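What follows is the residue order along each chain.
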Amino acid sequence: EVQLVQSGAEVKKPGESLQMSCMGSGYSLNSYWIGWVRQMPGKGLEWVAIISPADSDTRISPSFQGRVTISADMYTAYLHWIRLQASDTAMYYCAIRPAVTGSPLEYWGHGTLVTVSS
Amino acid sequence: QSALTQPRSVSGSPGQSVTISCTGTSSDVGRYNFVSWYQQHPGKAPKLIIYDVYKWPSGVPDRFSGSKSGNTASLTISGLQAEDEADYYCCAYAGTNIPYVFGTGTEVTVL
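The sections below set out a description of the structure shown in this document. Please read these numbers as outputs of a predicted model, since none were measured by experiment.

Re the interface of chain A and chain B
When the parts of a complex come together, some accessible area is lost, and that lost area is often used as the size of the interface.
(1) Moving on: Taken together, the contacts link 21 residues of chain A with 18 residues of chain B.
(2) Moving on: For the chain A and chain B pair, buried surface summed over both sides reaches about 1,600 Å², with 66% attributable to carbon and sulfur atoms.
(3) Moving on: Inspection of the region where chain A meets chain B yields zero salt bridges.
(4) Moving on: On the surface where chain A and chain B come into contact, there are seven residue pairs in polar contact (both at pLDDT 80 or more).
(5) Moving on: Elements represented by at least two residues in the side of chain A that touches chain B include exactly strand 4 (32–39), strand 5 (45–51), strand 6 (58–60) and strand 9 (90–98) of chain A.
(6) Moving on: Ranked by residue count, the leading element in the side of chain A that touches chain B is strand 5 of chain A, at four residues.

Comments concerning the state of the cysteines
(1) Moving on: The full count for this structure, using the stated rule, is two disulfides over all chains.
(2) Moving on: Here Cys22 of chain A pairs with Cys94 of chain A through a disulfide, and the sulfurs are 2.0 Å apart. Between Cys22 of chain A and Cys94 of chain A, the disulfide has an S-S torsion of 60° and is therefore right-handed. With Cys22 of chain A in strand 3 (residues 18–25) and Cys94 of chain A in strand 9, this pair connects stretches of sequence that are 72 residues apart. For the pair Cys22 of chain A and Cys94 of chain A, a shared accessibility class is recorded, and that class is buried.
(3) Moving on: Linked covalently through their sulfurs, Cys22 of chain B and Cys90 of chain B form a disulfide whose S-S length is 2.1 Å. Note on the Cys22 of chain B and Cys90 of chain B pair: the S-S dihedral is about 75°, so by sign convention the disulfide is right-handed. Note that Cys22 of chain B is positioned in strand 2 (residues 18–23) and Cys90 of chain B in strand 7 (residues 86–92), a separation of 68 residues in sequence. Judged on exposure class, the residue Cys22 of chain B and its partner Cys90 of chain B are both buried.
(4) Moving on: Not part of a disulfide, Cys91 of chain B finds its nearest cysteine sulfur in Cys90 of chain B, a span of 7.6 Å.

Focus: the sheet that holds strand 5 (residues 64–69) of chain B
Residue and element names in this part refer to chain B.
(1) Moving on: Strand order in the open sheet formed by three strands is 2-6-5, with antiparallel pairing between adjacent strands. The two strands at the open ends of the sheet, each matched to only one other strand, are strand 2 and strand 5. The sheet shows a mean angle of 20° between the axes of neighbouring strands, taken without regard to direction.

Focus: the side chain of Arg97 of chain A
(1) Moving on: Residue placement: Arg97 of chain A occurs in strand 9.
(2) Moving on: No salt bridge is formed by the buried Arg97 of chain A, whose closest oppositely charged neighbour, Asp57 of chain A, lies at an N-O distance of 7.5 Å.
(3) Moving on: When neighbours within four sequence positions are excluded, Arg97 of chain A is seen to be in contact with Ser31, Tyr32, Trp33, Ile50, Ser103, Pro104, Leu105 and Glu106 of chain A together with Pro99 and Tyr100 of chain B.

What counts as what
Residues numbered from 1 in each chain as written. Chains lettered and ligands numbered in written order. Predicted model: local features only at pLDDT ≥ 70, side-chain atom pairs only at ≥ 80, totals over all residues. Heavy atoms only, no water. Contact = heavy atoms within 4.5 Å. Buried area = accessible area lost by both parts, 1.4 Å probe. Salt bridge = Lys/Arg side-chain N within 4 Å of Asp/Glu carboxyl O. Polar contact = N/O pair within 3.5 Å; in protein donor to acceptor, adjacent residues only side chain to side chain. Helix = DSSP H or I, 4+ residues; strand = E, 2+ residues; numbered from the N terminus. Disulfide = S-S within 2.5 Å. Buried < 20%, exposed > 50% of the residue type's maximum accessible area, 1.4 Å probe, protein only. Pairing = 2+ DSSP bridges. Axes fitted to C-alpha atoms, helices over the stretch in contact; angles between N-to-C directions. Lys, Arg positive; Asp, Glu negative; His and termini not counted.

As structure tokens, then:
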């Protein structure tokens, strides 16, 4: 059974950095990429970034370029925010997709709630 | 890359069918047959229900069906059930560097 376990909720101040994690199990390391999706309160889904743990190939959405980095160590992926803003308050979901071009986000984690407030 | 356009809400009575449209551009929906749909119940993570325009993941009922014409994809829910009340998001591939462009989301209400 595929499982994605995300790190716990965070409360941060504007300007602070943050690293969240997503630990997967139940699938082959070389067969999936791990990505992140943001959902601001009451809003829709936005793709943030994605990484291949097998070779660390990464893609970051132009909307978040320069504000986040993504890394992975085996079955765990990390999303690092450089300088948080109040508008980064959101639920962040990790998800995995097969390592095939155009594949959908097949399995999702439960989400990490991030609150950024002074 | 702009979000794909979906109607804000649709509704139907139990047993009826509803269709949600998802309009993109010739760079995403119109260019690739990599359109997926996600169902999200309140307070829950999204769930994949359609991929590659019309394919079902294991365990998803065939009441959900997908199609595409030009720059617009569609999700049809047939035989609407109370449990189908949720938010639905389309998502399209727009190339190697932008693998996911989500739609604006549609709230489905079962009357």
